[in-house]
Amino acid sequence: MSAGLVSVLFVGAALVTTGVFVAAWKRDLTAALAGLPLIFGGAGVAFAGVSRFAATGGPPLFGQGMAALLAVVALALVALGVGIAGRGTPR
Amino acid sequence: MDSLHAIGFYVSAAISVGGGLALAFLPGRGSRGVALAVAGLGIAGLYLSLSAGFAGLVALVCFAGCALLLAAPHYRVIDAAVGGAWRQAGAVAAAGLFALLAYAAWRGDFFHALYYSGDIGSASIGRLLFAHDALTTEAVGALVLAALAGATAMWRGRGRGR
């Protein structure tokens, strides 16, 4: 059993699409924010996969660094979105 | 990639996508938070199987933070003004996007290279972030600080207004 660049890109595409689906499907806009980490996570998986399997033109660890930064940006965006939504009654 | 890493990769992929789908369909904040944490666990496993353990650790912490934020009982529910037809159109558009990205992934196996780093690679990542890409790292740090400060200020301001 093996996994190559195509498998990694396929899984990254599935994660991005799942995040887009979550963002489109949720009625509650604040809950739809949960799609953002999935979108950024899928992009990060694609970056890490390219860095692992096919990076010769740039720094070999650029994809991994980009994946870590994307995770932090996703957390920041969710925090900002929840802060903009403000407090309310639980449901 | 050897068989052990490949098995870990596919199991983590199933966990992350399954957690994402559960996130879409599960009701309630607590269950959504758990589903997001499970998806984050899967994504961290994906990074680890791709020899990007440092990125996996960062992703695990960030997904745990997102899960805690979205599972909290205090945020306000904002219902979307669009109807069910638009949501279904969005789901179909997501399926179309997946088909497009899957085709691009299928056509993406055009280049191979050797990999020189270790399983975790924290020292190499540190050198990359703080030596080669120091400005980018500082920009993202400033973005995170501004986002968290803005979120805190809005949260406190709206709570004081009631």
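Cut-offs used in this document
Residues numbered from 1 in each chain as written. Chains lettered and ligands numbered in written order. Predicted model: local features only at pLDDT ≥ 70, side-chain atom pairs only at ≥ 80, totals over all residues. Helix = DSSP H or I, 4+ residues; strand = E, 2+ residues; numbered from the N terminus. Contact = placed C-beta atoms within 7 Å. Buried ≥ 20, exposed ≤ 12 C-beta atoms within 10 Å, placed from the backbone. pLDDT = per-residue confidence, 0-100. Core = buried A, V, L, I, M, F, W, Y, C linked by C-beta atoms within 7 Å. Domains from an automatic or database assignment. Nonpolar A, V, L, I, M, F, W, Y, C, P; charged D, E, K, R; others polar. Expected span 1.5 Å × (residues − 1). Axes fitted to C-alpha atoms, helices over the stretch in contact; angles between N-to-C directions. Parallel < 35°, antiparallel > 145°, perpendicular 65-115°, else oblique.

Student: Is there a simple way to think about the overall build of chain B in this case?
Tutor: Broken down by element type, chain B carries six helices and zero strands. The order of helices and strands in chain B, counted from the N terminus, is α-α-α-α-α-α. Taking as baseline every contact in chain B between residues at least 6 positions apart, the subset at least 24 positions apart corresponds to 61%.

Student: I'm lost on the overall build of chain A in this one. Help?
Tutor: Counting secondary structure elements, chain A contains four helices and zero strands. The order of helices and strands in chain A, counted from the N terminus, is α-α-α-α. For chain A, with 91 residues in total, the buried portion stands at 71%. Partitioning the contacts of chain A with sequence separation of at least 6, the portion at a separation of at least 24 is 55%.

Student: Would you mind going over the confidence of the model for chain B with me for this structure?
Tutor: All names here are of chain B. Looking at chain B, pLDDT values average 81 and 85% of them are 70 or higher. Within chain B, helix α2 (residues 29-49) carries the highest mean pLDDT (91), whereas helix α5 (residues 122-132) carries the lowest (70). Note on the complex model: pTM 0.78, ipTM 0.87.

Student: Mind showing me how you'd approach the nonpolar core here?
Tutor: Across soluble globular proteins, nonpolar side chains show a tendency to be buried alongside one another. Within the largest apolar cluster, 80 residues are counted, with the highest numbers of intra-cluster contacts made by A67, A71 and V78 of chain A together with L36, Y47 and C66 of chain B. Of all the elements, helix α4 (residues 62-85) of chain A adds the most residues to this core, at 15 residues. Split by domain, the residues of this core number at least three in each of domain 1 (3-120) and domain 2 (121-162) of chain B. The contacts of A71 of chain A, once residues within four sequence positions are left out, are F40, G41 and G44 of chain A together with V58, A59 and C62 of chain B.

Student: Help me understand the environment of I7 of chain B, please; the structure alone is not making it clear to me.
Tutor: Summarising the element assignment, I7 of chain B is placed in helix α1 (residues 3-25). Here I7 of chain B falls in the partly exposed class, since 13 other C-beta atoms lie within 10 Å of it.

Student: Even after reading the chapter, I still don't get the interface of chain B and chain A, so can you show me in this structure?
Tutor: Interface extent is often summarised as the accessible area lost during association of the parts. The partner chain A presents 69 residues to the 77 residues of chain B that form the contact. Of all the secondary structure elements, the ones that give two or more residues to the side of chain B that touches chain A are α1, α2, α3 (53-71), α4 (84-106), α5 and α6 (134-161) of chain B. When its residues are assigned to classes, the side of chain B that touches chain A shows 54 nonpolar, 16 polar and seven charged.

Student: Explain α4 of chain B to me, please; I cannot follow it from the model alone.
Tutor: Helical geometry note: an α-helix holds 3.6 residues per turn, so side chains three or four residues apart project in the same direction. Taking 1.5 Å per residue, 23 residues should reach 33 Å; α4 of chain B reaches 33 Å between its end C-alpha atoms and fits that length. Taken as a whole, α4 of chain B has its buried residues at A94, L101 and A105 of chain B. Each element contacted by the buried residues of α4 of chain B is listed here: α1 (5-25) of chain A.

Student: Looking at this model, I keep getting lost on the packing of helix α3 (residues 35-53) of chain A against α4 of chain A. Mind explaining?
Tutor: The axes of two packed helices give the description: the angle between them and the distance between them. All names here are of chain A. At a minimum axis separation of 7 Å, α3 and α4 run at an interaxial angle of 175°. Between α3 and α4, the crossing angle belongs to the class labelled roughly antiparallel. Contacts between α3 and α4 pair L36, P37, F40, G41, A43, G44, F47, A48, V50 and S51 from the former with F62, G63, Q64, M66, A67, L70, A71, V73, A74, L77 and V78 from the latter. Tallied by class, residues from the contact of α3 with α4 come to 16 nonpolar, five polar and no charged.

Student: Teacher, can you tell me more about the environment of G81 of chain A here?
Tutor: All names here are of chain A. Assignment of secondary structure puts G81 in helix α4. Taking the C-alpha atoms as reference, G81 lies 9.9 Å from A31; in sequence the two are 50 residues apart. Among residues more than four places away in sequence, those in contact with G81 are T30 and L33.

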